[in-house]
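Results of the structural survey
Each chain, letter by letter, is given below.
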Amino acid sequence: MREAGIRMKLNPLKDVLKDKRILIVDDSIVRGTTSRKLVKALRDAGAAEVHMRISSPPVTHPCFYGIDTDNQDQLIAATKSVAEIQEQLGVDSLAYLSWEGMLLATQEDTNTFCSACFTGNYPIAIPERVKRSKLILEKTPASTPA
Ligand code: SF4
């Protein structure tokens, strides 16, 4: 369903994209699966180059405060360098906004923000029980019926 939704939402126009150098700006990369499909769709539509810029730092830690992020082992930036992510997504170049740059852009007191998913520094300690229970009811490939 999720993949069908992505295909319906992303409908590249060959007339517009053919032989063009494309720059994608996105707010974040979490698992990287959607980005990889998007890049492939752009290349299939004839884009000459596909570059990506992300307006946040790499997401390296899960959120326990309410945002629906994956477990850490599913987060592409938790285990891969920017160069490795670039290769995995199939883009010609990839760059993220720095953590400092992101906080500076708010023009607010940087101590007032949580940014744990970028740093692992959780402002409120996460009990082990809560860490273990995240995604406990999600299907895993092993538990998915054939
Ligand atoms: S900044 Fe904090 S609250 Fe927001 S998604 Fe990341 S970990 Fe969750």
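The shown structure was predicted, so the numbers you read here are calculated from the model rather than taken from an experiment.

As for the sheet that holds strand β2 (residues 49-54)
Pairing within the open sheet is parallel, and its 3 strands lie in the order β1-β2-β3. Strands at the two margins of the open sheet, each flanked by one partner only, are β1 (21-26) and β3 (93-96). If you compare each strand with its neighbour and ignore which way they point, the axes differ by 15 degrees on average. Note: β1 against β2, 6 bridges, orientation parallel. Opposite Val 25, over in β2, you have Arg 53 as the bridge partner. Here helix α3 (residues 33-44) sits on the sheet in contact with β1 and β2, set at roughly 150 degrees to β2. Strands in contact with helix α5 (residues 82-89) are β2 and β3; relative to β3, the strand with the most contacts, it is inclined by about 135 degrees.

Notes on the pattern of salt bridges
Under the defined criterion, the tally for this structure stands at 4 salt bridges. The shortest N-O distance in the salt bridge between Asp 44 and Lys 40 comes to 2.7 Å. Placement of both Asp 44 and Lys 40 in helix α3 is noted, with a separation of 4 residues, approximately one turn of the helix. The exposed category is assigned to Lys 40, whose relative accessible area is 51%. Close ionic contact of Arg 43 with Asp 92 constitutes a salt bridge, the shortest N to O distance being 2.9 Å. Taken together, the positions of Arg 43 in helix α3 and Asp 92 in the loop between α5 and β3 put the pair 49 residues apart, joining distant regions of the chain. By relative accessible area, Asp 92 is classed as partly exposed at 36%.

Overview of the packing of aromatic side chains
Counted under the stated rule, the structure contains 2 aromatic pairs. Where Tyr 65 meets Tyr 122, the ring centres are 6.2 Å apart and the plane angle is 75 degrees; that geometry is what we call edge-to-face. Placement of Tyr 65 in the loop between β2 and α4 (76-79) and of Tyr 122 in the loop between α7 (116-119) and α8 (128-133) is noted, with a sequence separation of 57 residues between them. Owing to a relative accessible area of 36%, Tyr 65 belongs among the partly exposed residues under this scheme. Members of the aromatic cluster, connected to one another through ring pairs, are Phe 64, Tyr 65 and Tyr 122.

Basis of the calculations
- Residues numbered from 1 in each chain as written.
- Predicted model: local features only at pLDDT ≥ 70, side-chain atom pairs only at ≥ 80, totals over all residues.
- Heavy atoms only, no water.
- Pairing = 2+ DSSP bridges.
- Helix = DSSP H or I, 4+ residues; strand = E, 2+ residues; numbered from the N terminus.
- Axes fitted to C-alpha atoms, helices over the stretch in contact; angles between N-to-C directions.
- Contact = heavy atoms within 4.5 Å.
- Salt bridge = Lys/Arg side-chain N within 4 Å of Asp/Glu carboxyl O.
- Buried < 20%, exposed > 50% of the residue type's maximum accessible area, 1.4 Å probe, protein only.
- Phe/Tyr/Trp six-rings, centres within 6.5 Å; stacked < 30°, edge-to-face > 60°.

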